[in-house]
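One letter stands for each residue in the lines below.
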Amino acid sequence: MYNLNDLILQLNQCPSKQHSEIAERFIRGLIVSQYGAQLFLKASKSERKQQYHELLDLLSTECADLSFLPLIQNTLVRILRLTYENKNPTRETPDFSLKIEISSNQVEEVYELVLKEVQDIRSPTPERRLEWALFFCLCSGVCFLELFKELYRILVTVERPVVKIGNLYVIPINYQKDSHFCNVIDEDQLVTQRLFYLDSVAMAAITGFFKVKEQFSPENSSAIRSLSELFARIPAAKDISKLAPKTMLKAFSAWLFRQPGIDLYMWQRGFVEGTVQSASTSLNSLSAQTGHKIKKSQIKHLHVREIAKTKLKTSKVSSAKSDRVTNDNFLKTLRKLIATSRNSISALKIELQKLLEQDISQAQEVMIMWMYKKYEDKEWKKASSAVRHLSVLGHTWLSLTLDVQLETLNDAEITQLYEDMLDDKKSDDQKIYASLSSIITFMSMHLGTPVPDSFEGAHVGCVRTVVINESHFQHLLSDIDKTFSTATEHECLCIKMALILMRRLGLRPHELDLLVSDVDTEGLGEVIIRRNLKSPSSCRVLKLEPFFVMDEYKHFCSFINMRKHQARGSKHQSLFTLDPRFGQTIDFQKLARSCSLLLSGYLGEPTPFYQLRHSALSIIQLVLFGDDELIELFTPFSIEQANKIKTMMDIGDQQDRLYQLSSHAGHLNQGISLSTYCHFSDLLLYQQVRKLDRKFQNNFWFRLSGVRPSTFEKFMRKSPAQVFSQSYTPLEVETFVHECAYQINRLTQKRQGLDIMKNVILTDIKEPTPTLADVDTILRTHDEALNLSRVEKELKIKIVTEALGLNEMWGADILLTAKVIKERPEYTTTKGKSRLYPNNGARLAPSKPSCAAEAEDVEVIERKLAKTKVQDRQVVRQSTDMLFQRMTHGHSEIIFSCPLELSKFFHGIRELIPNGRWFVVLNPNRNKESTDQVDIWTSQSNWPKDTEIVEDSFVSDERRYPHGRLNLHFQHPYANKMTFSVSEVGKHSSNALKYVLHLYAILLGAQKRYQKFEKVNCI
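As annotated in an unreviewed UniProt entry, the chain carries the name Tyr recombinase domain-containing protein and is attributed to Paraglaciecola polaris LMG 21857.

Spelled out as structure tokens, the structure:
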């Protein structure tokens, strides 16, 4: 055993320059003697962290001279490789406090005594149950003051604080902390929202409190006071209760960091303490991530030329003035005013008002108003505070906004202006952010200009945290064809490939402005980002194949080969263009506007195009730090593919995953990646807290949750996955705790009705059902996989179904229903041919309408079907059945033999189709007067208004067609404005009605099958 006092003696006798070397030699010898050399070679990060705390306790206990403890501590951290050398991007250095580390040891004693108190007290008061709930929430990661106080307020005042999303139980906590970015607007106020995922212990404690919440009186109560009253009953908590509240909460985070089964990284400890900012995804976005779709956006048709690159709009009138103050003279005047004001803000404000009265440009006027606002709000304490901003931003701002009409800029133009300013000031990257972000925000508030899509919230105190799931991204790709309905195949392909590249790699929109030579798919499979760089770290080389899903990479390689062929060997040809050879480059800032509208419609909240980058980096964060369950639930990757990505990005002793994520994103430091782009940090914290490897006695569980012992024992004995025991881990009783929470919900609704909901703490979100577009996607996936084996086909259909946010059983039910409908004898001709399909092959997807006008009809009919009442669905289904029996594939007419049939048909679909869309042809019976037959059809059937009958050739089968044969054609929208002969009616007929009703029939049949599946599962 090494003598620590010998080390202290050596340090006192030698020069300070040698302290670090002596301490390192001593501690290395200590580690080898205690744990062996294998600690340096094979120990994982979690093992090294555990050894760090053990050695720190040992050294702090035996050290006689505490002045050398910081040196010993830093040496220990460096040797155990818990921090790394500073590189670009910079790595964060953990902040250790000896006081907190020592206090965390006392937390363990307090924790054990609180457990004993819970086990011993049979009938706790509501106040005591609240104290337990706060204590165990604190032990689950609510470890900074602002979050803890707001959680207390929610538990005491909010009626239904817990939201159930899938299998996750979440409390959204809105709080305000100066160093944390706002991500939610609550009652017209910007706040920070963090999602607190409840583990079993915290959930049981909250459930127990809510059972007696009506008896609780919040008078003279607060979060810290409740904790103090708990600690006052525990002798071991005497020292902890004396700590400042912030220090005390940090001691709990240090305790959580060392718990068995919990493997937290250093940045996660900072996240728990609130010193590391990482904005949570919104509650709305989380529900979409787990498959709960909100709504579908409206398609706005655009011409593809609207996304071609153009220049900023300028003012012709203002440029003609010769007596205007030039930019150089303007900046000199401002500096002179600041210098002569002698740091008197009031005097400078008067001079700025005078300067506004002169003939100056709008950009100069905005700069003066911005400065005046800063002084008015007292953000700048001295008159000279503006000098630094003028030197950094002044010339760039004035030169790039010369004669630009600022108030008329749209999203794409303000984004282009923002990016141009960043490119112009690459050398002052960090300084330009603060000044430029401030003036952009000022313009948005006072001129009403939009915020740039690439505007990173880290520089203005707010950040958007919407994460786009795979289902919504696939909808975006499919809607590109509808949005740009007149675009060529090449134009749509370029847009889709660019979106896939941004979604998978997390590129910035302006980084998509690539050349053909920037992408290598034949060699290493890489893309080089080397143009339009936002910062020096933006220049990077990214691997392609590991991040693409399914067969995307194969199609992307084919696209690259095609573009190389079209470029004819040119290395300077743009990759994404509006023409195969010499077309304009796509302006992705303009494309962002239309894509943002679509994404906002899918998720039901503002979702900028830039969120594709946020989503990609958040998904990579889950891949690097999440377990298999989270990867399968929230990412499009398989476990095997996720492991490949993790292996590729986590290599070498000097590498760490957070550094690799920041490097992949092209950020200057890890703080930007965490604070602005990683939106699943709270979910990753819950993943680790949930794994707490500590067993609790049975009387702890039933008394904490407020249930009878017999209820707990009965439930655990019936649980098929568990063997009854006298103690359980939190993971083992998770189902029981959730059931207790459900019981509160049910009792309240049953006994007190819906008006009094004080005890209801759960909000369920219904499981999604497929749309007609989802049915079509599943059917076409089946048709594309016909050449695969049965196992491969089922696997592909399962993946697609889950990507749509649906239960995997929906895929099987939809396919089975489609086969039943296809094989029904009524839907085949006398010759055995299908009336619904071109041949009797294995394909199941109905023929899709080809033109954009028919696509609009499909959307309209689908919306009307969605509004159909449950009691009317059977009538629609009967009309669908009549259509299938009276129509032949390849023909547009629906054949009727008597007016009663036609009346029944119109009864089911009258609300779906406007009257003027039908073209009616009557083949009269040659043995009767045609005029009489027309009168019979119009009078005895539910005849649509404004529809005329056109007569054609005769039929002679009087038994089958006593009043003639009527042929009903559903026309294109434009057809009623045209004049054409009966022989040409087929050219102007639409397949939209048959297509939608076919999908609708499949969906209704699949719903019946799925309901049976749900009933079996409930039993």
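As a further point, take the overall build of the chain. Secondary structure summary: the chain contains 42 helices and 14 strands in total. Across the 1019 residues that make up the chain, the buried fraction comes to 55%. For the chain, the share of sequence-separated contacts (at least 6 apart) that also reach a separation of at least 24 residues comes to 74%. A total accessible area of about 46,300 Å² is found for the chain, and carbon and sulfur atoms account for 50% of it.

We now examine a nonpolar patch on the surface. A cluster of nonpolar residues, Met550, Leu795 and Ile799, forms a patch on the protein surface that exposes about 290 Å² of accessible area. Within the secondary structure, Met550 is located in the loop between strand 7 (540-543) and helix 24 (552-567). Owing to a relative accessible area of 52%, Met550 belongs among the exposed residues under this scheme.

Their axes nearest at 10 Å, the elements helix 22 (residues 470-483) and helix 25 (residues 588-603) cross at an angle of 130°. On the basis of their axis angle, the class for helix 22 and helix 25 is oblique. Of the two possible hands of crossing, helix 22 and helix 25 adopt the one that is right-handed. Residue-level contacts link His472, His475, Leu476, Asp479, Ile480 and Thr483 of helix 22 to Cys595, Leu598, Leu599, Tyr602 and Leu603 of helix 25.

Counting residues in each nonpolar core, the largest one holds 89 residues, and the members touching the most others are Leu476, Leu499, Leu501, Leu544, Phe576 and Leu683. The biggest single contributor to this core is helix 23 (residues 489-505), with ten residues. Apart from residues no more than four positions distant in its own chain, Leu544 is found in contact with Leu501, Leu505, Val519, Asp520, Thr521, Gly525, Glu526, Val527, Tyr553 and Phe556. Among the nonpolar cores identified, the runner-up in size contains 80 residues, and Ile121, Phe135, Val162 and Ile206 belong to it.

Here strand 14 (residues 965-970) lies mainly inside the structure; five of its six residues are buried. Taken together, the four bridges between strand 11 (residues 893-896) and strand 14 define a ladder with antiparallel strand orientation. Each residue of the ladder has a partner; that of Glu893, found in strand 14, is His969. Judged from the six bridges that link them, strand 12 (residues 918-923) and strand 14 form a sheet pairing that is antiparallel. Residue pairing across strands places Val921 opposite Asn967, the latter belonging to strand 14.

What follows concerns the sheet that holds strand 5 (residues 519-520). The strand order 5-6-7 describes an open sheet built from three strands, whose pairing is antiparallel. One side of each edge strand has no neighbouring strand; the edge strands of this open sheet are strand 5 and strand 7. As judged from the four bridges shared by strand 6 (residues 526-529) and strand 7, these two strands associate in the antiparallel manner. The partner of Val527 across the bridge, within strand 7, is Leu542.

Below, the discussion takes up the sheet that holds strand 11. Ordered by their spatial adjacency, four strands build an open sheet running 11-14-12-13, and the pairing between neighbours is mixed. This sheet does not close on itself; its edge strands, each paired only once, are strand 11 and strand 13 (949-951). Here the average twist between neighbouring strands, direction ignored, is 30°. Contacts between helix 41 (residues 930-940) and the sheet are confined to strand 11, strand 12, strand 13 and strand 14, with strand 13 contributing the most and set at about 155° to the helix.

Before going further, it helps to examine the pattern of salt bridges. Overall, the coordinates contain 29 salt bridges when judged by the stated rule. The partner of Glu150 in a salt bridge is Arg153, and the shortest N-O contact between them spans 2.6 Å. Pair noted here: Glu150 and Arg153 are both in helix 8 (residues 145-157), with a separation of three residues, about one helical turn. Residue classification places Arg153 among the partly exposed residues on the basis of a relative accessible area of 38%. A salt bridge links Glu808 to Lys798, with the nearest nitrogen and oxygen atoms 3.9 Å apart. Note that Glu808 is positioned in helix 37 (residues 808-822) and Lys798 in helix 36 (residues 790-803), a separation of ten residues in sequence. For Glu808, a relative accessible area of 39% translates into the label partly exposed. Several salt bridges converge on common partners, so that one network encompasses Glu470, Arg503, Arg504 and Glu552.

The final tally for this structure, using the stated rule, is 34 aromatic pairs. When the centroid spacing of 5.7 Å and the interplanar angle of 85° are considered together, the rings of Phe135 and Phe252 count as edge-to-face. In this pair, Phe135 is assigned in helix 7 (residues 126-138) and Phe252 in helix 12 (residues 245-257), connecting sequence segments 117 residues apart. Take Phe135: its relative accessible area is 0%, and that puts it in the buried class. On the accessibility criterion, Phe252 (0% relative accessible area) is buried. Arranged with centres 5.2 Å apart and planes meeting at 70°, the rings of Trp267 and Phe625 form a pair that is edge-to-face. One end of the pair, Trp267, is in helix 13 (residues 266-273); the other, Phe625, is in helix 26 (residues 611-625), and 358 residues separate them in sequence. Under the relative-accessibility criterion, Phe625 is labelled buried at 7%.

Following the sequence through the fold, Ser574 ends up in the loop between helix 24 and helix 25. In this structure Ser574 comes out as buried when scored by relative accessible area, which is 13%. Of note is the side chain of Ser574, whose polar atom sits 3.0 Å from the side chain of Thr585. Residues within four places of Ser574 in sequence aside, it is in contact with Leu514, Leu515, Val516, Arg563 and Thr585.

The next point concerns the confidence of the model for the chain. Caution applies to low-pLDDT regions: their predicted coordinates should not be interpreted in detail. Summarising the model, the chain shows a mean pLDDT of 78, and 81% of its residues fall at 70 or more. Segment residues 37-42: pLDDT under 50, and eleven contacts once partners within four positions in sequence are set aside and those in other chains are kept. Within the model, the stretch residues 83-94 combines pLDDT values under 50 with 34 contacts to residues more than four positions away or in other chains.

Where helix 16 (residues 327-340) contacts helix 18 (residues 362-376), the two axes come as close as 12 Å, and the packing angle between them is 20°. Comparing the axis directions of helix 16 and helix 18 gives the class roughly parallel. Relative to helix 18, helix 16 is oriented so that their crossing is right-handed. On helix 18, the residues touching Asn327, Phe330, Leu334 and Ile338 of helix 16 are Gln364, Met367, Ile368 and Met371. Tallied by class, residues from the contact of helix 16 with helix 18 come to six nonpolar, two polar and no charged.

Attention now moves to helix 10 (residues 223-232). Regarding helix 10, the residues found buried are Ala223, Ser226, Leu227, Leu230 and Phe231. Along helix 10, the residues classed as buried sweep out an arc of 135° about the axis, all on the same side. Residues of helix 10 that are buried in the fold lie against helix 6 (98-120), helix 7, helix 8, helix 11 (238-241) and helix 12. Put simply, Ser222 is the residue that caps the front of helix 10, since its side-chain oxygen is 3.2 Å from the backbone nitrogen of Arg225.

About the thresholds
Residues numbered from 1 in each chain as written. Predicted model: local features only at pLDDT ≥ 70, side-chain atom pairs only at ≥ 80, totals over all residues. Heavy atoms only, no water. Helix = DSSP H or I, 4+ residues; strand = E, 2+ residues; numbered from the N terminus. Buried < 20%, exposed > 50% of the residue type's maximum accessible area, 1.4 Å probe, protein only. Contact = heavy atoms within 4.5 Å. Areas by Shrake-Rupley, 256 points an atom, 1.4 Å probe, with all protein chains shown as cover. Patch = residues over 30% accessible without salt bridge, like charges linked within 9 Å, V, L, I, M, F, W, Y side chains within 5 Å. Salt bridge = Lys/Arg side-chain N within 4 Å of Asp/Glu carboxyl O. Axes fitted to C-alpha atoms, helices over the stretch in contact; angles between N-to-C directions. Parallel < 35°, antiparallel > 145°, perpendicular 65-115°, else oblique. Left-handed = near helix turned anticlockwise from the far one by under 90°. Core = buried A, V, L, I, M, F, W, Y, C linked by side-chain atoms within 4.5 Å. Pairing = 2+ DSSP bridges. Phe/Tyr/Trp six-rings, centres within 6.5 Å; stacked < 30°, edge-to-face > 60°. Polar contact = N/O pair within 3.5 Å; in protein donor to acceptor, adjacent residues only side chain to side chain. pLDDT = per-residue confidence, 0-100. Nonpolar A, V, L, I, M, F, W, Y, C, P; charged D, E, K, R; others polar. Arc of directions from axis to C-beta.

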